[in-house]
Amino acid sequence: MTEAEITKEVMRGRLVVVGELRGTHAESAGYVNRRTGEAITYVRVIYLIECACRGMLDRAVVTQKWIDVEDPELVNLPYEKGKLYAFFLEGFRLERGVFTGWIGDRGPEPIKTDEEAAVAPEGATAAP
Amino acid sequence: MTKSKAAFLFASKTLGQQGLFLWTFTFKDLLAVKETRKRWNYLLTLLLRAWPNLQGLRVFELHQEHGLHVHLLTNQFIDVNRARDLAEQAGWGRVHVTRIPKEHAGYLAKYLSKERPECLKRWRLWAGFGAGWEWTRVKDVIRETLFSRIYRACKEWKQWQGRDRFFERMDLTRQMMLLTIENGWQIGCGPNGLPYSSFEEEDFWFDF
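Residues numbered from 1 in each chain as written. Chains lettered and ligands numbered in written order. Predicted model: local features only at pLDDT ≥ 70, side-chain atom pairs only at ≥ 80, totals over all residues.

Asks: Just checking my understanding: could you explain the overall build of chain A for this structure?
Replies: Looking only at helices and strands, one finds 2 helices and 6 strands in chain A. Mapped in sequence order, the helices and strands of chain A form the string α-β-β-β-β-β-β-α. Taken against the 2.2 N^0.38 rule, which gives 14 Å for 128 residues, the C-alpha radius of gyration of chain A at 18 Å runs more than 25% over that of a compact globule. Based on the C-alpha atoms only, the size of chain A along its principal axes is roughly 70 × 40 × 25 Å. Intrachain contacts of chain A at a sequence separation of at least 6 include 56% that bridge at least 24 residues. (Helix = DSSP H or I, 4+ residues; strand = E, 2+ residues; numbered from the N terminus. Rg over C-alpha atoms; globule rule 2.2 N^0.38 Å. Contact = placed C-beta atoms within 7 Å.)

What follows is the structure in structure tokens.
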């Protein structure tokens, strides 16, 4: 996704946060009934990013619920630490200066720099 | 999902082992929420007097236009006409009931997902009623997340007791969670799998 494409989405009113990925963690989260031992679980991925969404550069957390996956080990997270990604938020919370966002099915999308975007894909002719 | 909603889902599962009935009680006129609650307490007393073995769950829903609605999930067939008479006696208007399959026992949980209105702060949005069954309470539910596991490790490390310095605890736990994700530490441990107590707390406030 290029910067121009993100700007287009923002101009449409989409809630987007862009940040440098610092780490990911897939977990089986949920609740356990202490009395019966029953559990309600779901798989959740936590993305740790560095961004300036609160004005200064700080770390923020974005979460994503994975439906139809029961084992966090099976979650494939092909993201690269240190790269910029765009997160299309469904919502967010700012509590005591802590930003927590959540996304839906649409996962983080890498941001291509102008140079990367200018490189033509294999087999295609270069742009004039 | 909140702890309260999770507790409701557990409770509805317990109740849902038998046939279930979903009830909705509303008013003709718009009433203040406190008045509605008073009338609900009266109606519940009448219902339990008429059917002492009645067991169920009650959920409050603040409707956008029609004030407070009361939804019930019960596990026993009761005479609707008799229930309507009692509802009328307690000052209620419309009563609607439908049979639902036990798989849909958690259906009422959707009302617990709504944002809690200001006027219902400190209210129990749901509650169980009836003798002879134990519904899951919020205190029976443990949240299992990365944060809660790290919180427990921090609690042990810092020997936290009681509820004082809540925000400081949250800040430290959050910092440890961020460091755990960023550095790929084992959950509940610091660098190289060492317990938090092997380090000074100040060390964790700098980047590794």
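From this point on, the discussion continues.
Asks: Help me understand the nonpolar core, please; the structure alone is not making it clear to me.
Replies: Considering soluble globular proteins, one finds that nonpolar side chains tend to be buried as a cluster. Membership of the largest hydrophobic core comes to 32 residues, with the highest contact counts inside it found for Phe8(B), Ala11(B), Leu57(B) and Leu73(B). Put simply, the parts of the chain that give this core at least two residues each are helix H1 (3-15), strand E1 (20-25), helix H2 (33-50), strand E2 (56-63), strand E3 (67-74) and helix H3 (80-89) of chain B. For this core, the element with the highest residue contribution is H1(B), accounting for 7 residues. Setting aside residues up to four positions removed in sequence, Leu73(B) forms contacts with Ser12(B), Leu15(B), Leu20(B), Leu22(B), Gly56(B), Leu57(B), Ala105(B) and Leu108(B). In this structure, Ile46(A), Ala86(A), Cys154(B) and Leu178(B) belong to the second largest nonpolar core, which totals 28 residues. (Core = buried A, V, L, I, M, F, W, Y, C linked by C-beta atoms within 7 Å. Buried ≥ 20, exposed ≤ 12 C-beta atoms within 10 Å, placed from the backbone.)

Asks: Mind showing me how you'd approach the interface of chain B and chain A here?
Replies: One frequently used descriptor of interface size is the decrease in accessible area upon assembly of the parts. Listed as interface residues are 17 residues of chain B and, on the opposing side, 18 residues of chain A. Elements with a minimum of two residues in the side of chain B that touches chain A: H1, strand E6 (141-144) and helix H6 (166-183) of chain B. Tallied by class, the residues present in the side of chain B that touches chain A amount to 9 nonpolar, 2 polar and 6 charged. The sheet contact formed by strand E1 (residues 16-33) of chain A and E6(B) spans 4 bridges and is antiparallel. The residue bridging Asn33(A) from the neighbouring strand is Val141(B), located in E6(B). (Nonpolar A, V, L, I, M, F, W, Y, C, P; charged D, E, K, R; others polar. Pairing = 2+ DSSP bridges.)

Asks: Looking at this structure, how should I read the sheet that holds E1(B)?
Replies: Strand-to-strand pairing in sheets goes through backbone hydrogen bonds, with the strands running parallel or antiparallel. Residues and elements named next belong to chain B. Taken in spatial order, the 5 strands of this open sheet run E4-E1-E3-E2-E5, and their pairing is antiparallel. Strands at the two margins of the open sheet, each flanked by one partner only, are strand E4 (95-100) and strand E5 (126-129). On average, each strand axis in the sheet is tilted by 20° relative to the strand beside it, whichever way the strands run. In this structure, E1 lies alongside E3, joined through 5 bridges in antiparallel fashion. Bridged to Trp23 within E3 is Leu72. (Axes fitted to C-alpha atoms, helices over the stretch in contact; angles between N-to-C directions.)

Asks: I would appreciate a short explanation of the environment of Ile40(A) in the present structure.
Replies: Following the sequence through the fold, Ile40(A) ends up in strand E2 (residues 39-51). Placed 11 residues apart in sequence, Ile40(A) and Ala29(A) show a C-alpha to C-alpha distance of 8.4 Å. Residues within four places of Ile40(A) in sequence aside, it is in contact with Gly30(A), Tyr31(A), Ala6(B) and Leu9(B).

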